[in-house]
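Breakdown of the fold
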Amino acid sequence: MNKYVTEFIGTFFLVLTIGLCVTQEVAMAPLAIGCSLMIMVYMGGHVSGAHYNPAVTLAVWMRGSLSSKEVAPYMISQILGAIVASLAVNGILGQTFAPAPSAAAGPAITVEILFTFALALVVLNTATAKATENNSFYGLAIGFTVVVAAFSGGGISGGAFNPAVGIGPTIIDATMGNGTFNNLWLYLVGPLVGGALAAIVFKFQDND
């Protein structure tokens, strides 16, 4: 249970940061979001592995570092964290939010796949590989991957790179605001494909 609580908390603060930054149009939002993830990774890495992202959970499971029986509870905890965070943003600011692409579906999903691939591959190499075991830089590497992704690709795809970031805010935006579920598939298919590809590539990289 401690793993699932940790996944809930980490995802909650990640999505809370996203929501508060986006709704207030914070200029350096990608930096704040990446730092939020970094902080939460250091907070929970030793407990749950600090996935906070169903696509990362998929990649870690495919890599063999997570048991099959834990996959669904991890993902449910992450999605619940995202939903509660979205409700918290609405309670604080009276606004809802959700990722949305500014480009056509093709470029948007390509960006989601590529940067989720990068994120998951960084997680696998810095947080699960024996060669980097017990390192102190994994949180920085993971957090700043999201900074890079958000700055360079967020304006194209909406910058989720995480199904929980797509699901939680979209549910609240569509039910409490004027949002739609039309874009949700981008933030499910893109990140999950990216995570799966990262796990496949990691098998070629890793010499464990």
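Before reading on, note that the structure itself is shown above.
The rules we used
Residues numbered from 1 in each chain as written. Predicted model: local features only at pLDDT ≥ 70, side-chain atom pairs only at ≥ 80, totals over all residues. Heavy atoms only, no water. Helix = DSSP H or I, 4+ residues; strand = E, 2+ residues; numbered from the N terminus. Rg over C-alpha atoms; globule rule 2.2 N^0.38 Å. Buried < 20%, exposed > 50% of the residue type's maximum accessible area, 1.4 Å probe, protein only. Contact = heavy atoms within 4.5 Å. Areas by Shrake-Rupley, 256 points an atom, 1.4 Å probe, with all protein chains shown as cover. Lys, Arg positive; Asp, Glu negative; His and termini not counted. Charge placed at Lys NZ, Arg CZ, Asp CG, Glu CD. Phe/Tyr/Trp six-rings, centres within 6.5 Å; stacked < 30°, edge-to-face > 60°. Axes fitted to C-alpha atoms, helices over the stretch in contact; angles between N-to-C directions. Parallel < 35°, antiparallel > 145°, perpendicular 65-115°, else oblique. Expected span 1.5 Å × (residues − 1).

To continue, consider the overall build of the protein. Assigned secondary structure in the protein consists of 8 helices and 0 strands. Counting from the amino terminus, helix and strand elements in the protein follow one another as α-α-α-α-α-α-α-α. The globule rule puts the C-alpha radius of gyration for 208 residues at 17 Å, and the 16 Å found for the protein is close to it. Principal-axis analysis of the C-alpha atoms gives the protein an extent of 50 × 35 × 30 Å. Within the protein, buried positions represent 49% of all 208 residues. Sequence separation of 24 or more characterises 79% of the internal contacts of the protein that already satisfy a separation of 6 or more. Counting only carbon and sulfur atoms, one obtains 67% of the accessible surface of the protein, whose full area is about 9,100 Å². For the protein, the centre of its 5 positive side-chain charges and the centre of its 8 negative side-chain charges are spaced 15 Å apart.

Within the secondary structure layout, Ile18 lies in helix 1 (residues 2-23). For the pair formed by Ile18 and Ser36, sequence separation is 18 residues and the distance between their alpha carbons is 9.0 Å. Beyond its immediate stretch of four places on either side in the chain, Ile18 contacts Ile33, Phe97 and Val165.

Overall, the coordinates contain 5 aromatic pairs when judged by the stated rule. Judged by centre distance (6.4 Å) and plane angle (15°), the ring pair of Phe8 and Phe12 falls under stacked. Taken together, the residues Phe8 and Phe12, both in helix 1 and 4 residues apart, mark about one turn of the helix. The exposure class of Phe8 is partly exposed, given its relative accessible area of 27%. With centroids separated by 5.3 Å and ring planes inclined at 65°, the aromatic side chains of Tyr42 and Tyr138 adopt a geometry described as edge-to-face. Remark: Tyr138 occurs in helix 6 (residues 138-157) and Tyr42 occurs in helix 2 (residues 29-48); sequence separation between them is 96 residues. By the ring-pair criterion, three or more aromatic residues cluster together here, those being Phe8, Phe12 and Phe13.

Here we come to the packing of helix 5 (residues 105-127) against helix 6. Packed helices, taken two at a time, are described by the angle their axes make and the gap between the axes. The geometry of helix 5 relative to helix 6 is characterised by a closest axis approach of 10 Å and an angle of 175° between their N-to-C directions. Considering the angle they form, helix 5 stands roughly antiparallel to helix 6. Contact residues: Pro107, Ala108, Val111, Glu112, Phe115, Ala118, Leu119, Val122, Val123 and Thr126 in helix 5; Tyr138, Ala141, Ile142, Thr145, Val146, Val148, Ala149, Ser152, Gly153, Ile156 and Ser157 in helix 6.

Across its 22 residues, helix 8 (residues 184-205) extends 32 Å between first and last C-alpha, which sits within 8% of the 32 Å expected from 1.5 Å per residue. Buried-residue contacts for helix 8 involve helix 3 (54-63), helix 5, helix 6 and helix 7 (163-176).

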